[in-house]
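Results of the structural survey
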Amino acid sequence: MVSLFYFFLFPLLALCTTTSAAALPLSTESRWIVDESGHRAKLACVNWPSHLEVMVAEGLSKKPAEQISRNLGLFEAIGGLQINNPSIIDLSLINAYKAVVGSLAKKNVMIILDNHTSKPGWCCSSFDGNGFFGDAYFNPNLWIKGLTQVATVFNDTPSVVAMSLRNELRGSRQNVDDWYRYMQKGAEAVHAANPNFIVILSGLNYDRDLSFLLKKPVGLSFSNKLVFELHWNGFSDEEAWENGNLNRVCGELVGEMARKAGFLLDQGYPLFLSEFGVDMRGTNVNDNRYLNCFMGWAAELDLDWSLWVLTGSYYLRQGVVGFDETYGVYNWDGSGVRNQTILHKISALQYPFKGPGYSEVGLYQVIFHPMTGLCVKRLSLVERLVLGPCSEAAAWTYDRRKTLTIIGSYFCLQADKLGQPAELWIVCSGAGSKWEAISDSKMHLSSKLKDGSDVCLDIDSDNNVVTNHCKCLDRNSKCDPGSQWFKIIDSTRRE
Ligand SMILES: *[C@@H]1O[C@H](CO)[C@@H](O)[C@H](O)[C@H]1NC(C)=O
Ligand SMILES: *[C@@H]1O[C@H](CO)[C@@H](O)[C@H](O)[C@H]1NC(C)=O
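So, here's what we can say about the structure.

How each quantity is defined
- Within each chain, residue numbers correspond to sequence positions counted from 1 in written order.
- Written order determines the labels here, with chains lettered from A and ligands numbered from 1.
- With pLDDT at 70 or above as the cut-off, local features in this predicted model cover only qualifying residues; side-chain atom pairs require 80 or more to be listed or tallied, and sums for whole chains, interfaces and linings still use all residues.
- By convention in this description, side-chain values take in all heavy atoms of the structure and omit both hydrogens and water.
- We count a stretch as a helix when DSSP gives it H or I for four or more residues in a row; a strand needs E for two or more, and each element gets its number in order from the N terminus.
- One fewer than the residue count of a helix, multiplied by 1.5 Å, yields its expected span.
- In what follows, residue pairs with any heavy atoms lying within 4.5 Å of each other are defined as contacts.
- What qualifies as a polar contact is a pair of N or O atoms within 3.5 Å, subject to a donor-acceptor requirement within protein and to the restriction that residues adjacent in sequence count only when both atoms come from side chains.
- Should DSSP find at least two bridges between two strands, the strands are taken to pair.
- Angles run from 0 to 180 degrees between N-to-C directions of axes, and those axes are lines fitted to C-alpha atoms, restricted for helices to the stretch in contact.
- What counts as a disulfide here is a pair of cysteine sulfur atoms lying within 2.5 Å.
- When accessible area is computed with a 1.4 Å probe and restricted to protein chains, residues below 20% of their type maximum are described as buried, those above 50% as exposed, and intermediate ones as partly exposed.
- If a single non-hydrogen atom of a residue is within 4 Å of a molecule or strand, that residue counts as near it.
- Take a side-chain nitrogen of Lys or Arg and a carboxyl oxygen of Asp or Glu: if they are within 4 Å of each other, that pair is a salt bridge.
- Think of a nonpolar core as a cluster: buried Ala, Val, Leu, Ile, Met, Phe, Trp, Tyr and Cys residues, connected wherever their side-chain atoms sit within 4.5 Å.
- How far each domain reaches was decided by an automatic or database domain assignment.
- Angles below 35 degrees are treated as roughly parallel, those above 145 as roughly antiparallel, those between 65 and 115 as roughly perpendicular, and all remaining angles as oblique.
- In this scheme, a crossing is called left-handed if the near helix is turned counterclockwise away from the far one by less than a right angle; it is called right-handed if the turn is clockwise.
- The bend at a residue is defined as the angle formed between two axes, one fitted to the seven residues ending at that residue and one fitted to the seven starting there.

The next subject is helix H6 (residues 140–153). Given a rise of 1.5 Å per residue, 14 residues ought to cover 20 Å, and the 20 Å separating the end C-alpha atoms of H6 matches this to within 8%. Looking at the packing, one finds that the buried side of H6 touches strand S5 (110–115), strand S6 (160–164) and helix H7 (176–193). Backbone nitrogen of asparagine 141 and a side-chain oxygen of the N-cap are separated by 2.8 Å at the start of H6; the cap is asparagine 139.

What follows is the structure, given as structure tokens:
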């Protein structure tokens, strides 16, 4: 059985939801992924590995597949495939895989297949023989054959919406010419086998570099089905977040993301941030700092995304049985989620700010707070500003005079005194009325008071919006500006 399916499986699944049920199949309209009715389907996904040595979706020993799919990140316990998924034990690998996908399909979860490795095992290193076309375990012809077969198998399963052709291309063999050659071939093969699929293409250098597309687009015989993917984690830049000045590091790395991949949005392609994640214990300073910068960026660009990773442990990883996955949404035994606070924060990114079908009202701005995943909200009776869910965000216009006015009212944002609440005044002019995004990160919203001093928008311990001294504008690497980071984000979503 193993030899028969050796070259057949080893994908990873991404399980996706959208804020409202999407009519399938999906396609693309400029930089947006849209459903059959033309409405934006913002993909909010979580990765579910099944590419390790055991080659079965992780966690099935801990929980019934139905429940994993229903809860998508929530509860329930106890071990043994035999207890929870007895029917899977007797299946061949492909049927086990189909059984998992089938149970997800029943729960209206959308599935993206990802060809993760050829030789099953923990991914990825530059020397594992799985990194690029022509590597020891990566024969391009077998790959195309495998993609074709898998695309065909899921031909009649509409909830399998997309296929990522290969995870994290890497290693000494990687080159741009072969990238075009084989990615185009692979994309054509998948499209021919299953024209409903969205085809997702990964970049070079562990899916961190798509810059070569700036000069030469991909040439395909079909349209409206192509998406590019990008990976960005805290550890991608080693300890940069912990060791550097956060405003500076965030500004530099966001700039790099724009050059390496973000430009694709302007060219009219969707960009799927298919792996990002943090240590869910909440104790990894580098990850925590990265996450705040990432949240601002992902919200501003309103990206489709997939969190790494669903499972809290692996049957077997790098020789360790029951390996603990600290980036897992679930805890080790699947009895609960690891960190509700972090999940809640990330869930802010599920909300589409704009895109087809979200344009009933004109363009306005919301003020997003990445550290909490909340938005600035107006408490109208007392005319105070607090943080609240972005679905309740105040709708602002941010105009050329740099004032922030609540749409449909005269109320505007005014800084009055240091350490005091940011106020809503009827007429804003002069000192304290103009707001500018400053610092290397461009995430401090700053205004000048009458006495000439600069203040920055901040929050107090009750999530009231206040004005304080601007933090971390020097080169200090110890300082964390998180509470003062805000992003003015374009939105067209009806309230
Ligand atoms: C993944 O690629 C390998 C070749 O590297 C191929 O043998 C396998 O069938 C493919 N699997 C899927 C699920 O696409
Ligand atoms: C969750 O993460 C936060 C940091 O974002 C941390 O303060 C908290 O202790 C973590 N909670 C758990 C249960 O690990």
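Read across the sheet, 4 strands follow the order S20-S21-S22-S23 without closing on themselves; strand pairing throughout is antiparallel. Among the strands making up the open sheet, the edge pair consists of strand S20 (436–438) and strand S23 (465–468). Within the sheet, the average angular offset between the axes of one strand and its neighbour, ignoring direction, is 45 degrees.

Further remarks concern the state of the cysteines. In total, this model carries 6 disulfides according to the counting rule given. Linked covalently through their sulfurs, cysteine 412 and cysteine 428 form a disulfide whose S-S length is 1.9 Å. Across the S-S bond of cysteine 412 and cysteine 428 the torsion is about 100 degrees, and the bridge reads as right-handed. Taken together, the residues span a long stretch of sequence, with cysteine 412 in strand S18 (residues 412–414) and cysteine 428 in the loop between strand S19 (423–425) and S20 at a distance of 16 residues. One exposure class covers both cysteine 412 and cysteine 428, and it is buried.

Around ligand 2 sit Met280, Arg281, Gly282, Arg338, Asn339 and Ile342, and that is every residue in its neighbourhood. One nitrogen or oxygen atom from the side chain of asparagine 339 is found 2.3 Å from an oxygen atom belonging to ligand 2.

Looking now at the pattern of salt bridges. Under the definition given, this model contains 18 salt bridges. Between aspartate 237 and arginine 208 there is a salt bridge, with its nearest N and O atoms 3.4 Å apart. On the criterion of sequence distance, the pair formed by aspartate 237 in the loop between strand S8 (226–231) and helix H9 (240–243) and arginine 208 in the loop between helix H8 (204–207) and S8 is long-range, its members being 29 residues apart. Judged by its relative accessible area of 15%, aspartate 237 is buried. Here lysine 260 and glutamate 256 are joined by a salt bridge, their closest N and O atoms 3.4 Å apart. Of the two residues, lysine 260 and glutamate 256 are both situated in helix H10 (residues 246–266); the distance of 4 residues between them amounts to about one turn of the helix. Beyond isolated ion pairs, a larger network of salt bridges with shared partners links Arg40, Lys42, Asp302 and Asp304.

Grouped together as the largest cluster of nonpolar side chains are 94 residues, with contacts concentrated most on Leu13, Trp179, Leu213, Phe228 and Phe294. Tallying contributions element by element places H10 first for this core, with 9 residues. Each of domain 1 (2–350) and domain 2 (364–491) accounts for three or more of the residues forming this core. Excluding anything up to four places from it in sequence, leucine 13 contacts Val46, Asn47, Trp48, Tyr97, Val100, Val101, Leu104, Ile111, Ile112 and Leu113. With 23 residues, the next largest nonpolar core counts Ile367, Leu449, Val455 and Ile488 among its residues.

Looking at where serine 274 falls in the secondary structure, it is placed in strand S9 (residues 271–276). Polar side-chain contacts of serine 274 include one of 2.5 Å to the side chain of glutamate 229. Among all residues touching serine 274, those that are not within four sequence positions of it are Asn47, Asp207, Glu229, Leu230, His231 and Ser306.

Here the focus is unusual backbone geometry. Where the residue is not glycine, phi is negative for most of them; where a peptide bond is considered, it is trans in most cases. That bond from leucine 24 to proline 25 is cis: its omega, 0 degrees, falls within 30 degrees of zero. Inspection of the secondary structure puts proline 25 in the loop between strand S1 (11–17) and strand S2 (27–29). Residues tryptophan 308 and valine 309 are joined by a peptide bond in cis, for which omega reads 15 degrees. Residues other than glycine seldom take positive phi values, yet serine 30 does so here, at roughly 45 degrees. Within the secondary structure, serine 30 is located in the loop between S2 and strand S3 (32–34). Positioned with a positive phi, aspartate 302 is a non-glycine residue whose angle comes to about 55 degrees.

Look at H6 against H7: their axes get within 8 Å of each other, and the N-to-C directions meet at 25 degrees. Classified by the angle their axes make, H6 and H7 are roughly parallel. For the crossing formed where H6 meets H7, the hand is right-handed. Taking contact as the criterion, the partners of Pro140, Trp143, Ile144, Leu147, Thr148, Ala151 and Thr152 in H6 are, on H7, Tyr182, Met183, Lys185, Gly186, Ala189, Val190 and Ala193.

Quick look at the environment of asparagine 284 now. As for its placement among the helices and strands, asparagine 284 is situated in the loop between S9 and helix H11 (285–301). Once residues lying within four places of it in the same chain are set aside, the contact partners of asparagine 284 are Asp279 and Tyr327. Separated by 3.0 Å, the side chain of asparagine 284 and the backbone nitrogen of aspartate 287 make a polar contact.

The subject of this paragraph is H10. If you look at H10, its biggest bend is around 60 degrees, right at arginine 259. The set of residues buried in H10 consists of Leu246, Asn247, Val249, Cys250, Leu253, Met257, Ala261, Gly262, Phe263, Leu264 and Leu265. Those residues of H10 that are buried lie in contact with S8, H9, S9, H11 and strand S21 (444–448). The N-capping residue of H10, defined by a side-chain oxygen 3.2 Å from the backbone nitrogen of asparagine 247, is asparagine 245. Just downstream of H10 lies glycine 268, where phi reads positive at about 95 degrees.

This part is about the side chain of asparagine 292. Summarising the element assignment, asparagine 292 is placed in helix H11. If we skip the residues at most four places from it in the chain, asparagine 292 touches Lys345, Pro370, Met371, Met443, Gly482 and Trp485.

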